[in-house]
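Residue-level structural notes
Spelled out from the first residue to the last, the chains are:
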Amino acid sequence: MTAHINTTVTTDNTSDLNQVQLIYAGGTFGSYGKPLSALPADTFLPLLLDKIYQNLTSKIEVLPNTCVKDSSQLSPADLAHFFELILMRYAQGYRKFVLITGTDTLSYLGSFLAEAFAGSDLCLALTASMRPLFDANDIHNYHIDAHSDAWGNLSEAIGLASHGEPGVSITFAGESWPAQTVQKIHSHDLMAFTGHQRAGYPANSYQKILPATRRHNWIGDSQHKLPAVLEAAKDTIIPTLYCVPNSADWLATQLDNLLSLPPTGVILMGFGAGNIPYSDKLAATMDTVAAHGHILVCTTQCPYGGVSEAYAAGSWQYEHQVLSAGRLTIPAVYARLLWLHLAYDTPARRRQRWQYSVNKA
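What counts, and at which threshold
Residues numbered from 1 in each chain as written. Predicted model: local features only at pLDDT ≥ 70, side-chain atom pairs only at ≥ 80, totals over all residues. Heavy atoms only, no water. Helix = DSSP H or I, 4+ residues; strand = E, 2+ residues; numbered from the N terminus. Rg over C-alpha atoms; globule rule 2.2 N^0.38 Å. Buried < 20%, exposed > 50% of the residue type's maximum accessible area, 1.4 Å probe, protein only. Contact = heavy atoms within 4.5 Å. Lys, Arg positive; Asp, Glu negative; His and termini not counted. Charge placed at Lys NZ, Arg CZ, Asp CG, Glu CD. Pairing = 2+ DSSP bridges. Axes fitted to C-alpha atoms, helices over the stretch in contact; angles between N-to-C directions. UniProt positions renumbered as here; feature names shortened; annotations may be inferred. Expected span 1.5 Å × (residues − 1).

On to the overall build of the protein chain. The helix and strand inventory of the protein chain stands at ten helices and 14 strands. Taken over the C-alpha trace, the protein chain has a radius of gyration of 21 Å; the compact-globule value for 361 residues is 21 Å, and the two agree within 12%. Per-residue burial over the protein chain gives 54% buried out of 361 residues. Considering only residue pairs separated by 6 or more positions, the protein chain has 75% of its internal contacts joining residues 24 or more positions apart. If you average the places of the 23 positive and of the 29 negative side-chain charges in the protein chain, the two averages end up 7 Å apart.

Listed below in structure tokens is the structure:
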């Protein structure tokens, strides 16, 4: 017999607020069969809960979620959806969450939710897997694949969430890191992700002890801006320009095309320590695009080290309204720019908040 999924949202005082809220969002984790395809949530979740109840804990329940898809299909509207889903449950007094998604955008979703819940005492562990949970060679019996990383990753995530340490983290292959430090570094190995523990904002903004009044105010403020966040997410994009050995004037043309868009964040992926080829046209275009309201942020294609203003090949751009990404990963840069666009209503406020938060990183 499989476990029954409780889809009733309770608000009475008899609810067990210590129960971990499990969110299933799709991905390889729940795929099955030959060829592999995602099991429907109403088939997969009872099977999964049954395994959890038998082997891990009974203090867990499913938080119903309508956004179940391959993670490569996630959009800003989907990221905002998960913010709303978790916020509503957090407002009812629940603090512990586990979110299962796919690996393609795991670091992007984790970084975004870390930004969105900064200042709270919520505990959220995200995970995924490189191989499906159930053995595809044993059709219809739904046995856990002993060679898969899925069960181990989920077990670690549930353990992390059960402990309740405030913050948003990603757990994978026996390790866990603050979400905004994580990036995917391998396309198919089980050790697919890396991160680090020396994270600044938003990891250091989570409150280990949050008085009831401050939690109430945080939730109230977040619920107040939620409609605007959801509406803005419907048509927001974060343009990204990846530097290859093309001319600087070509880059200027690409930036100039962005003047047709409403003000948003723009990611410049430079060489090395954030080096960008120079031309007078590109420098002038940077000034024009920034005056339009876009926030230009330079990061690096390198997986480690971040950007530096020490090299003339990169430092020139910071005299033309470009902001430094510091040591932030590419997913973290994207997530912060997206959150700033959704949560703050003017380019000036977004730019001010970026400078404050990166200096804290």
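This part takes up the sheet that holds strand S7 (residues 167-172). On the basis of which strands lie adjacent, the open sheet formed by six strands has the order S4-S1-S5-S6-S7-S8 and mixed pairing. The open sheet is flanked by strand S4 (60-62) and strand S8 (175-178), the only strands paired with a single partner. Put simply, the sheet's adjacent strands are angled 25° from each other on average, direction ignored. As defined by bridge partners, strand S5 (residues 96-100) adjoins strand S6 (residues 123-127) across five bridges and the pair is classed as parallel. Considered in S6, the bridge of Phe97 is made with Leu124. Across the sheet, helix H3 (residues 106-116) lies against S5, S6 and S7, angled at about 165° from S7, the strand it touches most.

What follows is about the sheet that holds strand S11 (residues 240-242). The strand order S11-S12-S13-S14 describes an open sheet built from four strands, whose pairing is parallel. Since the sheet does not close on itself, it has two edges, and those belong to S11 and strand S14 (323-324), each with one partner. The pairing of S11 with strand S12 (residues 265-270) spans three bridges and is parallel. Across the sheet, Leu241 pairs through a bridge with Leu268, a residue of S12.

Before going further, it helps to spend a moment on the UniProt feature "active site" (unreviewed entry) in the protein chain. The residues that UniProt annotates with the feature "active site" (unreviewed entry) are Thr28. Along the chain, the position of Thr28 falls in the loop between strand S1 (20-24) and strand S2 (31-32). Other than its neighbours up to four places away in sequence, Thr28 contacts Ser129, Met130, Arg131 and Pro132.

Before going further, it helps to spend a moment on helix H2 (residues 76-90). For H2, which comprises 15 residues, the first-to-last C-alpha distance of 21 Å matches the rise-based estimate of 21 Å (1.5 Å per residue) to within 8%. Most of H2 is tucked away: twelve of the 15 residues are buried.

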